[in-house]
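The lines below spell out each chain.
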Amino acid sequence: YHLYKGGSDFDGLKLLNGHAVDIFHINDYPSAPSRTEIQDKDRVYPGDGAAPLNTILQDLATAQSPIILSLELFNRSYWEQDPLAVARTGLQKMKDAVESSKTASMGEKKGEQ
């Protein structure tokens, strides 16, 4: 979200060193409102928006040490739900996003051969 909102290029993640970054906040964002209009409240579960999560997670996976993913959501519609259900859904969607990035990465490697 912050990379998108700030207009940063996601390719900058390739420069991260896992020894310098311990935790990376993860969430997704919808395609609308625009980057200049989007707010914290618009964040959604990983995989429910338009962020290039496969690329982001693949780039984070190349860091020299593990990076912890931390779900960060400020979506008020989630606040109205059962907190445990939101936490379980968020964890599952994070796991699904990581698995999807691994599967996509394997598919790209097979295509290179």
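Residues numbered from 1 in each chain as written. Predicted model: local features only at pLDDT ≥ 70, side-chain atom pairs only at ≥ 80, totals over all residues. Heavy atoms only, no water.

A few words on the packing of aromatic side chains. Tallying each qualifying case throughout the model produces two aromatic pairs. Between Tyr-4 and Tyr-29 the ring centres are 3.9 Å apart and the planes differ by 10 degrees, which places this aromatic pair in the stacked class. Residue Tyr-4 is located in helix H1 (residues 2-6), and its partner Tyr-29 is located in the loop between strand E1 (23-26) and helix H2 (53-61); the two are separated by 25 residues in the primary sequence. (Phe/Tyr/Trp six-rings, centres within 6.5 Å; stacked < 30°, edge-to-face > 60°. Helix = DSSP H or I, 4+ residues; strand = E, 2+ residues; numbered from the N terminus.)

Within the fold, Asp-48 resides in the loop between E1 and H2. Separated by 18 residues in the primary sequence, Asp-48 and Pro-30 place their C-alpha atoms 7.5 Å from one another. Beyond its immediate chain neighbours, meaning those up to four positions away, Asp-48 contacts Asp-28 and Lys-93. (Contact = heavy atoms within 4.5 Å.)

With that out of the way, let us pick up the side chain of Arg-43. Within the element layout of this structure, Arg-43 appears in the loop between E1 and H2. Using a relative accessible area of 1% as the deciding quantity, one classes Arg-43 as buried. In this structure the side chain of Arg-43 is engaged in a polar contact, spanning 2.6 Å, whose partner is the side chain of Asp-40. Here the side chain of Arg-43 touches Glu-72 through a polar contact of 2.7 Å, side chain to side chain. Residues within four places of Arg-43 in sequence aside, it is in contact with Tyr-1, His-2, Asn-27, Asp-28, Glu-72, Leu-73, Phe-74, Asn-75 and Tyr-78. (Buried < 20%, exposed > 50% of the residue type's maximum accessible area, 1.4 Å probe, protein only. Polar contact = N/O pair within 3.5 Å; in protein donor to acceptor, adjacent residues only side chain to side chain.)

This part covers the pairing of E1. Only one face of E1 is buried: it carries Phe-24 and Ile-26, and the other face, with Ile-23 and His-25, is open. Bridging between E1 and strand E2 (residues 68-71) involves four bridges; their strand directions are parallel. Among the inter-strand pairings, His-25 is bridged to a residue of E2, identified as Ser-70. Handedness of the crossover joining E1 and E2 through H2 is recorded here as right-handed. (Pairing = 2+ DSSP bridges. Right-handed = clockwise from strand over helix to strand, strands pointing away.)

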